[in-house]
Amino acid sequence: MQDCLFCKIAAGEIGGPHVYEDEMVVAFDDISPQAPVHTLIIPKQHCANLNDEPDVALLGHILQVAHEVARIKGIDQSGYRVVQNNGPDAGQTVFHLHFHVIGGKELSLGMA
Ligand code: AMP
Ligand code: ZN
């Protein structure tokens, strides 16, 4: 999709090195990390958020990749949180589906 920041990152047009990449997704470190580890996983194919009803195989794959990213970052055993925001009330700022993998410290217990 033209003028989509994360489409450009997925295509390798901008951004730094990828933490992980395969045929369906790309993972890269968040530009404004909220914890020692803060990595984003995005599909290569554009979709805005869960309201676009992305393919269930893709969604399942992304959760498996979340584990792989946590393993790569060395936080799979210490623990990590997977967060995904949809729309204004959730604070979504980039409208290309993304999952945050956050960890590397003891995270706050609050969810909302
Ligand atoms: P959300 O609030 O769920 O839409 O999250 C969007 C995330 O994208 C935020 O954590 C931003 O810090 C992050 N972000 C925005 N621009 C970039 C970028 N160019 N590279 C990496 N992360 C970015
Ligand atoms: Zn996009």
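Residues numbered from 1 in each chain as written. Chains lettered and ligands numbered in written order. Predicted model: local features only at pLDDT ≥ 70, side-chain atom pairs only at ≥ 80, totals over all residues. Heavy atoms only, no water.

(A) Up close: the layout of surface pockets. In this structure, the largest pocket occupies an estimated 660 Å³ of space. Forming the walls of the largest pocket are 31 residues, and the residues nearest its centre are D30, Q34, H38, L40 and H100. Mapped by element, the contributors of at least two residues to the lining of the largest pocket are α1 (5–10), β2 (25–29), β3 (37–43), β4 (80–83) and β5 (99–103). A class-by-class count of the residues in the lining of the largest pocket yields 13 nonpolar, 14 polar and 4 charged. In this structure, the second largest pocket spans a volume of roughly 160 Å³. If you go around the second largest pocket, the residues you meet are E23, M24, P43, K44, Q45, H46, C47, D52, E53, P54, D55 and L58. Taken together, the residues of the lining of the second largest pocket sort by class into 5 nonpolar, 2 polar and 5 charged. (1 Å grid on protein atoms, 1.4 Å probe; cavity = no way out; pocket = protein on both sides within 12 Å on 5 of 7 lines; lining within 4 Å. Points joined across faces, edges and corners; volume = space filled by probe spheres on them. Helix = DSSP H or I, 4+ residues; strand = E, 2+ residues; numbered from the N terminus. Nonpolar A, V, L, I, M, F, W, Y, C, P; charged D, E, K, R; others polar.)

(B) Highlighting the side chain of H96. Structurally, H96 can be placed in the loop between β4 and β5. Note on H96: relative accessible area 0%, which makes it buried. Within polar-contact distance, the side chain of H96 engages the side chain of H46 at 3.3 Å. In contact with H96, other than residues within four places in its own chain, are C4, F6, C7, I42, P43, K44, Q45, H46, C47 and A48. (Buried < 20%, exposed > 50% of the residue type's maximum accessible area, 1.4 Å probe, protein only. Polar contact = N/O pair within 3.5 Å; in protein donor to acceptor, adjacent residues only side chain to side chain. Contact = heavy atoms within 4.5 Å.)

(C) Fine view of the coordination of the zinc ion (ligand 2). Donor atoms from the polypeptide that coordinate the zinc ion (ligand 2) comprise C4 (SG), C7 (SG), H46 (ND1) and H96 (ND1), at 2.0 to 2.3 Å from the metal. Classification of the site at the zinc ion (ligand 2) as tetrahedral follows from its 4 donor atoms and the range of 105 to 115 degrees in their angles at the metal. Taken in sequence order, the residues that donate to the zinc ion (ligand 2) follow the motif C-x2-C-x38-H-x49-H. In this structure C4 comes out as buried when scored by relative accessible area, which is 7%. (Donors = N, O, S within 2.8 Å, 3.2 Å for Na, K, Ca; no water. Tetrahedral: all angles 85-135°; square planar, octahedral: opposite > 155°, others 65-115°.)

(D) Focus on the site of ligand 1. The environment of ligand 1 is made up of 16 residues, and the closest members are D30, N85, T93, H98 and H100. Residue G91 places a main-chain N or O atom 2.9 Å away from an oxygen atom belonging to ligand 1. T93 is positioned with one of its backbone polar atoms (N or O) 2.7 Å from an oxygen atom of ligand 1. Burial of ligand 1 by the protein amounts to 81% of the accessible area it has alone, namely 500 Å². The cavity that encloses ligand 1 is the largest pocket. The dominant element in the shell around ligand 1, judged by the number of residues it contributes, is α1, at 3 residues. (Near = heavy atom within 4 Å. Areas by Shrake-Rupley, 256 points an atom, 1.4 Å probe, with all protein chains shown as cover. Sits in = over half its atoms within 2 Å of the grid points.)

(E) Focus on the side chain of H38. Structurally, H38 can be placed in strand β3. There is a polar contact of 3.0 Å between the side chain of H38 and the backbone nitrogen of Q34. The contacts of H38, once residues within four sequence positions are left out, are D29, D30, S32, P33, H100, V101 and I102.

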